[in-house]
Amino acid sequence: MKKSFLITLLLLVFGLTFSQKKEEKLIEQKIDDYIKEVIAINEIPGVALSVIKDGKVIYEKYYGEASLEENKAVDKNTAFKIFSTTKLITNVGIFQLIEQGKLSLEDSISKYLNNLPKEWQEIKVKNLLSHSSGLPDIVMFEDIPNTLPYDEKIAILSKKPMQFVTGNEYRYNQTNYLFLAKIIEKINGLTFDDYILKNQFPDIKSEVYFSSNFGKAVPNSAFRYNYNSETKKYIKSTSDFGFDSHSANGLNISLPEFIRWNQNLDKDVYLKKETKYSMWEPFKFANNTDRFAYGWEIVPVNKILSYGFTGGNETAFRKFPENKLTIIFLSNGHKYSGLYVQSQVINHVASIVDQTLKDDYYLAGEKINQTFLKLEINKAKQNYLDIKKSHPDWNFEYRLNVIGYTLMEHGRLNDGLKVLELNTIENPKSGNAFDSLADGYFRNNQVENAKESYKKALELSPDNKNAAEMLEKIEKILTKK
């Protein structure tokens, strides 16, 4: 009797194990097929992707090339530039200081930074992390080059107007992270780079380093490639954002080291659990509409909240705490960089791994993107209309706008115009939709059509300065004729 029970138990365990491995293989194959399709459609040079579920790496693969010129494949040693995804690492560094009692979210930045204008004095650390500071954005001004010393940059920046009242709204801003880095340095007496490497990446020699000079060649590093729509080729980026931008966009890291960083975050190595979760608390903006945490983007997927950030339209890191799932996507170039491929990958892979994260709206949006890129324009439009027929409440205004511009910028001007025309039909009360269509007409030398669309845009949005200025420009053109 006992022997029979033991055999039955062993068969049950074997059956469950076999079933589990079969399911894991099926998930792996689905992700493989999907990622290969994404790479093909978007002509991505190189990709590294990892999925961590219940503390276990269930997917880690490398695709394509780190260097097109040298035909060098992406592998586990390849360090990717993660651009603004770097901000997550900076956030953890700030909260380590908070946990140690060396810093508070309520501290005014003037406690740590000198020579600030009066209206900046009471901006708090929490406003920097939540992008609610209202500070002028340092990267928006041509008279503040990266090569200037920090003090000279701030002297010029301090004369620029505030964007809005502090705490009122969310507006992405690189000045916030410049100041966070300087606060870290003031408290520790270390450079920002040394502080982060010491406290989050100790003993790592080559797979993690800081550099915002994208043109600098580093062994085992993936080059950043920009697609030239005229030559239809990728070219190496030579952008250099300078040493002062390391906290915002400067981390270079291999996928295995990013996986290890995530594991340490999950195991509360860097921060206590309660401190970690406090980073993900939504900031209370005065406008009561924006949603963002303390340095982390909050993304609802099928009504389940996820937390992370993206960088350079090429990298993404996202955690789904409720589902014990983390997805890391790294790449070094996208042909269609404005379509937010990195976010689509996160959402789609999440739906493959966990059915509760299957968000039909996000997946439909991705399908709309892909069909307009790879199908004949009328078939793509029909696909869109079929989706809308099934879900008339879904709004794709922003998506259609981006697709229209993307097609125009890649030599498909007429197709892009058709998408922008479709957008005005779908959103007849949107001043922005008509403004974009007018821009398309103007690019295509359809001046009269542009004039009518700008008029409509201004009628719907009277504060549209671009439409008003373009109408004046068009009148001058028509007068000369």
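Up top is the structure these notes are about.
Here's what I pulled together on the structure shown here. (Residues numbered from 1 in each chain as written. Predicted model: local features only at pLDDT ≥ 70, side-chain atom pairs only at ≥ 80, totals over all residues. Heavy atoms only, no water.)

Attention now moves to the overall build of the chain. Of the regular secondary structure elements, the chain holds 17 helices and 12 strands. At 25 Å, the chain has a C-alpha radius of gyration in line with the 23 Å of a compact globule built from 481 residues. Along the first, second and third principal axes, the C-alpha set of the chain runs to 100 × 60 × 50 Å. Looking at the chain as a whole, 52% of its 481 residues qualify as buried. Long-range pairs, those at least 24 residues apart, make up 65% of the contacts in the chain with a sequence separation of at least 6. (Helix = DSSP H or I, 4+ residues; strand = E, 2+ residues; numbered from the N terminus. Rg over C-alpha atoms; globule rule 2.2 N^0.38 Å. Buried < 20%, exposed > 50% of the residue type's maximum accessible area, 1.4 Å probe, protein only. Contact = heavy atoms within 4.5 Å.)

Further remarks concern the nonpolar core. Grouped together as the largest cluster of nonpolar side chains are 67 residues, with contacts concentrated most on Ile89, Leu129, Phe179, Phe258, Trp261 and Trp296. In contact with tryptophan 296, other than residues within four places in its own chain, are Leu88, Asn91, Trp261, Leu265, Met279, Trp280, Tyr307, Gly308, Phe317 and Lys319. Residues Ile27, Leu325, Ile346 and Val349 belong to the second largest nonpolar core, which totals 28 residues. (Core = buried A, V, L, I, M, F, W, Y, C linked by side-chain atoms within 4.5 Å.)

A few words on the side chain of aspartate 193. Relative to the assigned elements, aspartate 193 resides in helix α6 (residues 192–200). Despite its burial, aspartate 193 pairs with no opposite charge, the nearest such side chain being lysine 182 at 9.3 Å. For aspartate 193, the side chain forms a polar contact with the side chain of histidine 246, separated by 2.9 Å. When near neighbours in sequence (up to four residues on either side) are disregarded, aspartate 193 contacts Phe210, Phe243 and His246. (Lys, Arg positive; Asp, Glu negative; His and termini not counted. Salt bridge = Lys/Arg side-chain N within 4 Å of Asp/Glu carboxyl O. Polar contact = N/O pair within 3.5 Å; in protein donor to acceptor, adjacent residues only side chain to side chain.)

Spatially, β4-β8-β5 is the arrangement adopted by the 3 strands of the open sheet, whose pairing is antiparallel. Since the sheet does not close on itself, it has two edges, and those belong to β4 (79–81) and β5 (208–210), each with one partner. Strand-to-strand twist across the sheet, computed as the mean angle between neighbouring axes with direction ignored, equals 25 degrees. As paired elements, β4 and strand β8 (residues 251–254) share 3 bridges and run antiparallel to each other. Each residue of the ladder has a partner; that of phenylalanine 80, found in β8, is isoleucine 253. (Pairing = 2+ DSSP bridges. Axes fitted to C-alpha atoms, helices over the stretch in contact; angles between N-to-C directions.)

In most cases, non-glycine residues show a negative phi, while peptide bonds are predominantly trans. A positive phi angle, close to 60 degrees, is found at aspartate 268, a residue other than glycine. Turning to its location among the elements, aspartate 268 is positioned in the loop between α8 (255–266) and α9 (273–279). Backbone geometry at lysine 324 places phi at a positive 50 degrees, although glycine is not the residue there.

Take helix α2 (residues 86–99) next. Along an α-helix, residues three or four positions apart point the same way, because every turn accommodates 3.6 residues. Relative to the 20 Å expected for 14 residues at 1.5 Å per residue, α2 spans 20 Å between its end C-alpha atoms, a close match to the ideal helical length. Within α2, 12 of the 14 residues are buried, which leaves it mostly tucked inside the rest of the structure. Here α2 has its buried residues at Thr86, Lys87, Leu88, Ile89, Thr90, Asn91, Val92, Gly93, Ile94, Phe95, Gln96 and Leu97. (Expected span 1.5 Å × (residues − 1).)

Turning to the packing of aromatic side chains, a few remarks are in order. Within the structure shown, the criterion is met by 27 aromatic pairs. Their ring planes at 45 degrees and their centres at 5.9 Å tell us that tyrosine 172 and phenylalanine 309 sit as a pair that is tilted. In this pair, tyrosine 172 sits in the loop between α4 (150–157) and α5 (174–188) while phenylalanine 309 sits in strand β10 (residues 304–311), placing the two residues 137 residues apart along the sequence. Judged by its relative accessible area of 31%, tyrosine 172 is partly exposed. Geometrically, the ring pair formed by phenylalanine 258 and phenylalanine 317 is stacked, given 5.1 Å between the ring centres and 20 degrees between the ring planes. Pair noted here: phenylalanine 258 is in helix α8 and phenylalanine 317 is in strand β11 (residues 315–320), with a separation of 59 residues, a long-range link. (Phe/Tyr/Trp six-rings, centres within 6.5 Å; stacked < 30°, edge-to-face > 60°.)

Under the defined criterion, the tally for this structure stands at 24 salt bridges. A salt bridge links glutamate 43 to lysine 335, with the nearest nitrogen and oxygen atoms 3.0 Å apart. You can see glutamate 43 sitting in the loop between α1 (2–42) and β1 (46–53) and its partner lysine 335 sitting in the loop between β12 (325–331) and α10 (341–353), a full 292 residues away along the chain. Judged by its relative accessible area of 14%, lysine 335 falls in the buried class. The partner of arginine 171 in a salt bridge is glutamate 169, with the nearest N and O atoms 3.0 Å apart. Linked by salt bridges that have partners in common, Lys25, Glu28, Asp32 and Lys61 make up one network.

Compared with the 21 Å implied by 1.5 Å per residue over 15 residues, the 21 Å span of helix α11 (residues 360–374) between its first and last C-alpha is a close match. All of the buried residues in α11 are Leu363, Ala364, Gly365, Glu366, Ile368, Asn369, Gln370, Thr371, Phe372 and Leu373. The distance from a side-chain oxygen at the start of α11 to the backbone nitrogen of tyrosine 361 is 3.1 Å, and the residue carrying that oxygen is aspartate 359.

Following the sequence through the fold, serine 453 ends up in helix α16 (residues 447–460). Here the alpha-carbon distance between serine 453 and methionine 279, two residues 174 residues apart in the chain, equals 44 Å. Among all residues touching serine 453, those that are not within four sequence positions of it are Phe434, Leu437, Ala438 and Tyr441.

A word on the environment of aspartate 393. Note on placement: aspartate 393 falls in the loop between α12 (377–390) and α13 (397–409). When the C-alpha positions of aspartate 393 and threonine 191 are compared, they lie 51 Å apart, and in sequence the two are 202 residues distant.

Turning to the sheet that holds β11, a few remarks are in order. Across the sheet, 7 strands lie side by side as β3-β2-β1-β12-β11-β10-β9; this open sheet has antiparallel pairing. Strands at the two margins of the open sheet, each flanked by one partner only, are β3 (72–73) and β9 (297–301). Relative to strand β2 (residues 56–67), β1 runs antiparallel, the two being bridged by 8 bridges. Bridge pairing in β2 places serine 50 opposite glutamate 60.

Put simply, side chains in a regular strand alternate between the two faces of the sheet. Between β1 and β2, which pair antiparallel in sequence order, lie 2 residues; one of them, aspartate 54, sits at a positive phi of approximately 55 degrees. Counted along the chain from β2 to the antiparallel partner β3, the turn is 4 residues long, and its residue asparagine 71 has a positive phi close to 55 degrees.

This part covers the side chain of aspartate 244. Counting through the fold element by element, aspartate 244 comes out in the loop between β7 (233–236) and α7 (246–249). In this structure aspartate 244 touches Tyr150, Lys153, Leu178 and Lys182, once residues within four positions along its chain are discounted.

Gaps between atoms show up when a probe of the same size as a water molecule is rolled over them. Its volume calculated, the largest pocket comes out at about 1200 Å³. Lining the largest pocket are 40 residues, with Glu297, Thr310, Tyr340, Gln342 and Ser343 positioned closest to its centre. Empty space within the second largest pocket amounts to approximately 290 Å³. Contributing to the lining of the second largest pocket are 16 residues, with Asp266, Tyr277, Lys319, Pro321 and Lys324 lying nearest its centre. Within the residue set of the lining of the second largest pocket, elements represented by two or more residues are β1, α9, β11 and β12. For the lining of the second largest pocket, the class distribution of residues is 6 nonpolar, 2 polar and 8 charged. (1 Å grid on protein atoms, 1.4 Å probe; cavity = no way out; pocket = protein on both sides within 12 Å on 5 of 7 lines; lining within 4 Å. Points joined across faces, edges and corners; volume = space filled by probe spheres on them. Nonpolar A, V, L, I, M, F, W, Y, C, P; charged D, E, K, R; others polar.)

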